[in-house]
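# Results of the structural survey
For reference, the chains in residue letters:
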Amino acid sequence: MVLSFFANANAEPEYSRLGPLNAIVIENIRDAPFVIYLHGYGGTGEDAYNELLPEIQKSAVLRRVNWIFPDAPIGGWFAIEAVDGESMPDEEVWQATLKPTRAALRKMISSAKVNGKNVIWAGFSQGAIAATDYVLHSNTRSRGLIINSGLYFNST
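Read on for an overview of the structure.

Rules and cut-offs
- Residues numbered from 1 in each chain as written.
- Predicted model: local features only at pLDDT ≥ 70, side-chain atom pairs only at ≥ 80, totals over all residues.
- Heavy atoms only, no water.
- Helix = DSSP H or I, 4+ residues; strand = E, 2+ residues; numbered from the N terminus.
- Buried < 20%, exposed > 50% of the residue type's maximum accessible area, 1.4 Å probe, protein only.
- Areas by Shrake-Rupley, 256 points an atom, 1.4 Å probe, with all protein chains shown as cover.
- Salt bridge = Lys/Arg side-chain N within 4 Å of Asp/Glu carboxyl O.
- Phe/Tyr/Trp six-rings, centres within 6.5 Å; stacked < 30°, edge-to-face > 60°.
- Pairing = 2+ DSSP bridges.

## With respect to the overall build of the protein chain
Scanning the protein chain for helices and strands turns up 3 helices and 7 strands. Looking at the protein chain residue by residue over its 156 residues, the buried ones come to 46%. For the protein chain, the accessible area works out to roughly 8,300 Å², and carbon and sulfur atoms hold 50% of it.

Below is the structure:
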């Protein structure tokens, strides 16, 4: 099901299957950019949706874009043990766990029939890391990247 912030502002979000991922999809304006917002470790797309909904509802600018809030695969966007927060991650583990996420996100975009050039990637914490990784490794240049409480390791 696709929600609109205009028509269903108080509606409970429902998930759609987009490729291998479940996601809440909000289409406000046809052909407008999409913000794909990736939640943090242990969260869900619904958590991100609920956190951002009040801000989106009161902002005319944020209501002029479309939104996708996907759920991460089981275990998160990548293996959290690859990052200990105090040093560089194990490069082999880091890249091995991010490749399936990139593939899942590509399949999600394809399934949603969203033009990758019309996407602003965003995320919180682990989702910010996964969004950054996707943008840096994508063959398609996106409209932008929003990082909330994230970081990215200087890796190959």
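## Things to note about the pattern of salt bridges
Applying the stated criterion across every chain, the model contains 2 salt bridges. Note that Lys 58 is salt-bridged to Glu 55, the shortest N-O span being 3.4 Å. One end of the pair, Lys 58, and the other, Glu 55, are both in helix 1 (residues 45–58), 3 residues apart, so they sit about a helical turn from each other. On the basis of relative accessible area, Lys 58 is assigned to the exposed category, the value being 62%. Taking the relative accessible area as the measure of exposure, Glu 55 reaches 39% and is therefore partly exposed.

## Focus on the packing of aromatic side chains
Two aromatic rings are characterised by how far apart their centres lie and by the angle between their planes. Counted according to the given criterion, the structure contains 4 aromatic pairs. Geometrically, the ring pair formed by Tyr 37 and Phe 69 is tilted, given 6.3 Å between the ring centres and 45° between the ring planes. Pair noted here: Tyr 37 is in strand 4 (residues 34–38) and Phe 69 is in strand 5 (residues 66–70), with a separation of 32 residues, a long-range link. Across the pair, Phe 69 and Tyr 37 agree in class, each one buried. Between Tyr 49 and Phe 69, the aromatic rings sit 5.7 Å apart at their centres with planes inclined by 85°, giving edge-to-face as the arrangement.

## A word on the pairing of strand 3 (residues 21–26)
Across the 6 residues of strand 3, 5 count as buried, placing the element largely inside the fold. Direction of pairing for strand 2 (residues 16–18) relative to strand 3: antiparallel, over a ladder of 3 bridges. Bridge assignment links Arg 17 to a residue of strand 3, and that residue is Asn 22. Where strand 3 meets strand 5, 4 bridges bridge the pair, whose relative direction is antiparallel. Note that in strand 5 the partner of Ile 26 across the bridge is Trp 67.

All we've got here are geometric facts, nothing functional implied.
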